[in-house]
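Listed here are the chains, written in short residue letters.
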Amino acid sequence: RHLTRILMLAVLAALALVALVSWWLTRALFRPLGELLAAADVMGRGDYTAPFRIPEQRELARLGNSLSRIARHAGEQLRAVEAERDHLRATVAGMAEGVLVTDARGKVRLFNPAFCEIFGVPGSASPAQVLDLAREPRLVDLVQQVLAGGGERSLHLERMEPVRRTLALAGAPLGTEDGAVVVVRDITEAEQLNRMRRDFVANVSHELRTPLSAIQ
């Protein structure tokens, strides 16, 4: 009986010690580590602004400070990219030339109001509808040629809708990115001036031919 009591006390003491150690590990290690893991998971989903507590333990504090620096640096880079994107969108939107940007599969990613005005595309159209609403097979062919590795391509075409226009299209690959960009310029006025110049030269040549023959 005496031995049994000793063994029972020893078991109880061991259980108490295990419980104490488990509580200490949970409070000092596992819970702070779980919070850091949860913070890292939030960062992995793209949220770098969610606050988290830096643990008091030395090694975990180093890990927490590293995560904090990563979040701050990633947030700064993300804001810089967003500012650059907004600046690019504002620049493209303000261009007089039409601009169309596609991905590697030929799906439209970006277009500006000038492109919509030139091809008669409603401004409310989604990127997936733009090429269909433009109703210009040669534009689609130009994009496919650029994406197929043809380098820079260009063509001139006549549009009768929404108004009669002469357009110059220039397509090029997107540098290191997969995709293509097409810039559309309205050269109707320039073509009219060239036509007037050719007609003027032809008329002058015709009108001068008879007196020159007589003088000769």
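This is a predicted model, so every value here is computed, not measured.

## Considerations on the overall build of the protein chain
Here is step 1 of the chain: When you go through the protein chain residue by residue, the secondary structure sums to 6 helices and 5 strands.
Here is step 2 of the chain: When the helices and strands of the protein chain are placed in sequence order, the string is α-α-β-β-α-α-α-β-β-β-α.
Here is step 3 of the chain: Relative to its length of 216 residues, the protein chain is extended, with a C-alpha radius of gyration of 36 Å against a globular reference of 17 Å.
Here is step 4 of the chain: C-alpha atoms of the protein chain, sized along the principal axes, occupy 145 × 30 × 30 Å.
Here is step 5 of the chain: When each of the 216 residues of the protein chain is scored for burial, the buried share is 25%.
Here is step 6 of the chain: Considering only intrachain contacts with a sequence separation of at least 6, the fraction spanning at least 24 residues in the protein chain is 40%.
Here is step 7 of the chain: For the protein chain, the exposed surface amounts to about 15200 Å²; the carbon and sulfur share of it is 59%.
Here is step 8 of the chain: For the protein chain, the centre of its 27 positive side-chain charges and the centre of its 25 negative side-chain charges are spaced 11 Å apart.

## Section: the pairing of strand E4 (residues 165–173)
Here is step 1 of the chain: In terms of burial, E4 is largely enclosed, as 7 of its 9 residues are buried.
Here is step 2 of the chain: Bridging between strand E3 (residues 153–159) and E4 involves 7 bridges; their strand directions are antiparallel. Looking at E4, one finds that Glu158 is bridged to Thr166.
Here is step 3 of the chain: Counting the residues in the hairpin turn of E3 and E4 gives 5 residues.
Here is step 4 of the chain: In terms of strand pairing, E4 meets strand E5 (residues 179–186) through 7 bridges, oriented antiparallel. Each residue of the ladder has a partner; that of Ala170, found in E5, is Val183.

## Let's talk about the confidence of the model for the protein chain
Here is step 1 of the chain: Confidence along the protein chain averages 84 in pLDDT terms, with 96% of residues attaining 70 or more.
Here is step 2 of the chain: Mean pLDDT per element in the protein chain: helix H6 (residues 188–215) is the minimum at 80, and strand E1 (residues 98–103) is the maximum at 92.

## Section: the sheet that holds E3
Here is step 1 of the chain: An order of E2-E1-E5-E4-E3 is seen for the 5 strands of this open sheet, with the pairing classed as antiparallel. Where the open sheet ends on each side, the last strands, each with one partner, are strand E2 (108–111) and E3. Taking the axes of each pair of neighbouring strands and ignoring which way they run, one obtains an average angle of 20° across the sheet.
Here is step 2 of the chain: Examined bridge by bridge, E1 and E5 share 6 bridges and lie antiparallel to one another. Paired with Thr102 across the strands is Ala180, a residue of E5.

## Structural notes on unusual backbone geometry
Here is step 1 of the chain: With a phi angle near 50°, Arg135 is a residue other than glycine that sits in the positive phi range.
Here is step 2 of the chain: When you line up the elements, Arg135 lands in the loop between helix H4 (130–134) and helix H5 (137–150).

Conventions used here
Residues numbered from 1 in each chain as written. Predicted model: local features only at pLDDT ≥ 70, side-chain atom pairs only at ≥ 80, totals over all residues. Heavy atoms only, no water. Helix = DSSP H or I, 4+ residues; strand = E, 2+ residues; numbered from the N terminus. Rg over C-alpha atoms; globule rule 2.2 N^0.38 Å. Buried < 20%, exposed > 50% of the residue type's maximum accessible area, 1.4 Å probe, protein only. Contact = heavy atoms within 4.5 Å. Areas by Shrake-Rupley, 256 points an atom, 1.4 Å probe, with all protein chains shown as cover. Lys, Arg positive; Asp, Glu negative; His and termini not counted. Charge placed at Lys NZ, Arg CZ, Asp CG, Glu CD. Pairing = 2+ DSSP bridges. pLDDT = per-residue confidence, 0-100. Axes fitted to C-alpha atoms, helices over the stretch in contact; angles between N-to-C directions.

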